[in-house]
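Take a look at the letters that make up each chain.
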Amino acid sequence: MKKHLKYFSLFIIAVVFFSCKKKETDYIYDVNDVTVSQSGISKPNVKNTIEFISIAYSDLFGTTIGATELTELSLCYLAFGDKKFIEDLIIRNFLNKTGVIIPTQSTMTADVNAFVQATYRKFYNRDPNEFEKWQIVNYINTTSSITPELVYYSFMTSDEYRYY
Amino acid sequence: MCNYHKNSRREFLKKVSLASAGAFLAPTILPSGRLFAATGVRKANHVVFCLFAGGVRQLESMQQAEGNLMPYMLSGTQSTIPGLSPLPSPTGLPLQTYGTLFKEFRYNQGPTGHVSGHHTAITGAYNANDLNINLPPTSPTVFEYYRKHNTPSMSALNAWWISDSLGPYPALNFSSDSNYGALYGANFIQPRTLISQAGYNSLGTPKVFTSSQKTSVAGIRTILDKNFGKSYSGGDAGIVNLEADRASLETYISSSFNDAVAGMYNDPWGVGAAVFNDDMFNLFIAEKVLQQFKPELLVVNMQGVDVCHFEYTMYCDNLRKADYALAHLWSTIQSTPGLANDTILIAVPEHGRNSTPNTVMDAYGRYAVDHTGEAMSREIFCLVLGPAGVVKTNNIISTVEGESIDVVPTIADILGFYNDIPTNYKNNMGSPLAQAFV
C-alpha cells in the first residue's frame, strides 16, 4: 500500500511540473527601421538674430558667415522694427550673392521627391510627412514657373524656419 | 381701414423703423470691429514729437547762462562762447513765437536716466525704479494707444519711432502690455546704422522677383505655414506692416541706400560735413519719412548733448545743432503739402542735468555735468508748435506747469482718441496740456 502511495505521489508531482509547461513562441514583428528626427510641431524656440542669420548663411553658402558680415547684418536687423520685412531682405540679398549653392532646375525636375525630401532636411532639419511631401511635390509639378531658388526662398521665409 | 391696409401699414412702419435703425447703426460699425467712432474732435491730423533728449539743463536752455544757445527756438542774444561750430544765423522769428513754450516743465518721478526718460515720454507714465532697459515698456506706448483707439484703425505706416541709437531704444515701439503690444506698434528705424554704407553692403542688393514668381513663393509658403501651424508674429517678430506697405518701405529704403552711398546724405543741409552731426542726420531722416509717408504720428529723438558728461563745450555746441535741426524739421513740415498747417510739433527733453558740475574739465576749462537726480535734473521745457488758431502763439508759460507724463495724453487729445483710452490706463498718465491750445 505504501509503495502504491509513493508511486501515486510521484505521478502527481510529475503531472504538476510537466503538464503545464508553456510553449515558447518566437514572434516576429514586421516593423521597419526609422530615422528619428524633429517634427515641425515640436519646435518651441525662436532662433535669435545671430542664429537666424548665421544658419541662413550656412544653408545657402555651405560655410560659416564671417564675423564682420554677421555683425553688420545683426545691427541692420536691430535697426528696423518689422522683423519679417528685414529677414526677407536678408534672404534675398543672400540669394543675390555669388557663391550661393542651389540645385539646378534639372536636378529638381529629375527627382522632385528627392529634392523635396532634401529641402525639408536642409531647412527644417526633419523629414516631411507623406502629406507634406505630396503637397509640395504636387505644387512643384503643377507650377511651371517654380524654380529651386523659389522653393529655397519659400522655405527660408516660412514660419517654421524661424523656429528650432 | 380694412385688414389688408392695416397689415400693409404695420409692415411699412416696421420696415421704416428697421431701415432707420440700420441707417443710424451702419456707419458706426467700423472696419476695426468697434461699434462707435471716436468721440474726440481732432485738433490736427499729424503730430511730430521730438524728444530733445540727452539731458538738457535749464541753465543753458531757458536761463541762457551761456548766452542764447538756441537762437532758432528762443528769443535772446546769441551765445558767443568759444568752441562753437559755425551755423547759419536765423533769419526769421524764433520758434517760440509760433507756439506755446512751457519754460518750467518737469520730469517729476523716476530715475533721471535717458532710457527711463524716454520710457516716460513715450508711454505717458512714470517708471518704477526697477526698469529693465533690455525689455519693452510695461505700459503701452503712444503708438499703441493711437493704433488701437484711433478711428479708423491706421496701418503701421502711420506711426514711426526714429531713434538716434540702438541699445534699449528699438524696444520703445511697442510695449509688453497684453492688451496692446506689437500688433499696435510703430515702425522703428535707427537711420545711422541702417541707412549707411554698411547697411547698403548688407541689404542693398536684394534679389528681385517678378509678380508671377512671388505668387509661386506665396503658394509654397502658404502650404508650409499651414502645416507648421504656428505663426511667427508678435513680440519676437516685431511689428507687422501690410504687404502693400512693405513694398513702399522697400522702395523707400532702397532709394535711401542709393542716396547715402552716392554721398547725398553727408551734408544734405549744407552746414558743412564736419558740422552735420548724428542728431541732424536723425532729424533729416525724420523729414524724409514725413515727406514720403506723411504719417499721423512720428516720434524722433536727439541725444547729442549727452556728451556733457565729458565735454561741456561740445554739449553747448550740440545744443545749438539740436536747436538748428528742430527749426529745420519745422520748416520742412511747413513746406510739405499735407503736413503744412495740419501738424503739431512738440519738443521736450527727457530730463535735465545737475546744477553742479563733475570733475572733468574740457579744453576750454569748462567742467562737465552729469544727471543724477538733483532737483535741476528734473527741470525741463516743452515747446508746442502748430497752426495759429489751434495752438496759442507767442504764449510763454513761466510758472511751473506741465510734466513729462502730459505729452502722451496731449498727443491723444490732438488726434482725437484721448477719450477712448480706457480709464485704468488714463489714470497712469498726466493730462492734456490745455494751456497750449486755443
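As the structure is a prediction and not an experimental result, all values here were calculated from the model.

Assigned secondary structure in chain A consists of 8 helices and 0 strands. Helices and strands in chain A line up, N terminus first, as α-α-α-α-α-α-α-α. Scored against the burial criterion, the 164 residues of chain A give a buried share of 43%. Of the roughly 9900 Å² of accessible surface on chain A, 59% is carried by carbon and sulfur atoms.

Helices and strands together make up the secondary structure of chain B, namely 11 helices and 8 strands. Buried positions account for 55% of the 438 residues belonging to chain B. Pairs at least 24 residues apart make up 74% of the contacts formed inside chain B by residues separated by at least 6 positions. For chain B, the exposed area adds up to about 17700 Å²; of that, 54% sits on carbon and sulfur atoms.

All right, on to helix α3 (residues 142–149) of chain B then. Residues and elements named next belong to chain B. Of all 8 residues that make up α3, 7 are buried, and the element is covered over most of its length. Those residues of α3 lying buried are V142, F143, E144, Y145, Y146, R147 and H149. Taken together, the buried residues of α3 touch α2 (114–123), β3 (159–162), β5 (297–302), α10 (407–414) and α11 (423–426).

Residues and elements named next belong to chain B. Reading across the sheet, the 8 strands line up as β4-β3-β5-β1-β6-β7-β2-β8 and stay open at both edges, with mixed pairing between neighbours. On the outer flanks of this sheet lie β4 (187–189) and β8 (395–403), each paired with one strand and no other. On average, adjacent strands in this sheet sit at an angle of 20° to one another, irrespective of strand direction. The pairing of strand β2 (residues 99–106) with β8 spans 5 bridges and is classified as parallel. Bridge pairing links L101 to I396 in β8.

Turning next to the side chain of A:K133. All names here are of chain A. Position of K133 relative to the elements: it lies in helix α7 (residues 130–142). Buried K133, no salt bridge; nearest opposite-charge side chain is E130, N-O distance 4.3 Å. With sequence-adjacent residues up to four places away left out, K133 is seen in contact with N113, V116, Q117 and P128.

Inspection of the secondary structure assignment puts B:T193 in helix α4 (residues 191–194). On the basis of relative accessible area, B:T193 is assigned to the buried category, the value being 18%. Side-chain polar atoms of B:T193 contact the side chain of B:Q190, separated by 2.4 Å. In this view, B:T193 contacts A:L75, A:C76, A:A79, B:L166 and B:G199; residues no more than four positions away in its chain are not counted.

Once that is clear, we can look at the interface of chain A and chain B. Counting residues at the interface gives 48 residues for chain A, matched by 46 residues for chain B. Across the interface of chain A and chain B, roughly 4200 Å² is buried in total on both sides, 62% from carbon and sulfur atoms. If you sort the residues of chain A by the area they bury against chain B, A:F80, A:F85 and A:R92 come out on top, with a joint share of 13%. One can count 3 salt bridges joining chain A with chain B. Residues A:D82 and B:R246 are paired through a salt bridge, measuring 3.0 Å at the closest nitrogen-oxygen approach. Put simply, the parts of the chain that give the side of chain A that touches chain B at least two residues each are α3 (67–78), α4 (83–95), α6 (112–124), α7 and α8 (148–156) of chain A. Residue composition of the side of chain A that touches chain B, grouped by class: 25 nonpolar, 10 polar and 13 charged.

In this structure, A:F94, B:F52, B:L194 and B:L326 are the most contacted members of the largest nonpolar core, which totals 114 residues. Tallying contributions element by element places helix α9 (residues 312–334) of chain B first for this core, with 12 residues. Leave out the neighbours within four places in its chain, and B:F52 touches B:M70, B:M73, B:M302, B:L319, B:A322, B:D323, B:L326, B:V348, B:P349, B:E350 and B:F381. Formed by 48 residues, the second largest nonpolar core is a distinct cluster that contains B:F105, B:W161, B:V391 and B:A412.

Procedures and definitions
- All residue numbers refer to position in the chain's written sequence, counted from 1.
- A letter from A marks each chain and a number from 1 marks each ligand, given out in the order of writing.
- Reporting in this predicted model follows two pLDDT cut-offs: at least 70 for local features of residues, and 80 or more for side-chain atom pairs to be given and counted; totals over whole chains, interfaces and linings ignore these cut-offs and use all residues.
- Water and hydrogen atoms were dropped before computing side-chain values, which therefore reflect all heavy atoms in the structure.
- Numbering of helices and strands starts at the N terminus; helices are DSSP runs of H or I of at least 4 residues and strands are runs of E of at least 2.
- Accessibility here uses a 1.4 Å probe with only protein chains present; expressed as a share of the type maximum, an area under 20% marks a residue as buried, one over 50% as exposed, and anything in between as partly exposed.
- Under the convention used here, a 1.4 Å probe and the Shrake-Rupley method define accessible areas, while residue burial counts only the protein chains that appear.
- Whether two residues touch is decided by their heavy atoms; if any such pair falls within 4.5 Å, the residues are in contact.
- One requirement defines pairing of two strands: DSSP has to find at least two bridges between them.
- To obtain an axis, a line is fitted to C-alpha atoms, over the contacting stretch when the element is a helix, and the angle between two such axes runs from 0 to 180 degrees between their N-to-C directions.
- For the purpose of counting charges, residues Lys and Arg are taken to be positive, whereas Asp and Glu are taken to be negative. His and the chain ends are not included.
- Here a salt bridge means any side-chain nitrogen of Lys or Arg lying within 4 Å of a carboxyl oxygen belonging to Asp or Glu.
- Pairing of N or O atoms within 3.5 Å defines a polar contact, subject to two protein rules: one partner must be a possible hydrogen donor and the other a possible acceptor, and residues neighboring in sequence count only if both atoms are side-chain atoms.
- Each of two parts loses accessible area, computed with a 1.4 Å probe, when they are put together; buried area is these two losses added.
- Ten residues, namely Ala, Val, Leu, Ile, Met, Phe, Trp, Tyr, Cys and Pro, are considered nonpolar, four, namely Asp, Glu, Lys and Arg, are considered charged, and the remaining ones, Gly among them, are considered polar.
- As used here, the term nonpolar core means buried Ala, Val, Leu, Ile, Met, Phe, Trp, Tyr and Cys residues forming a set that is joined through side-chain atoms within 4.5 Å.

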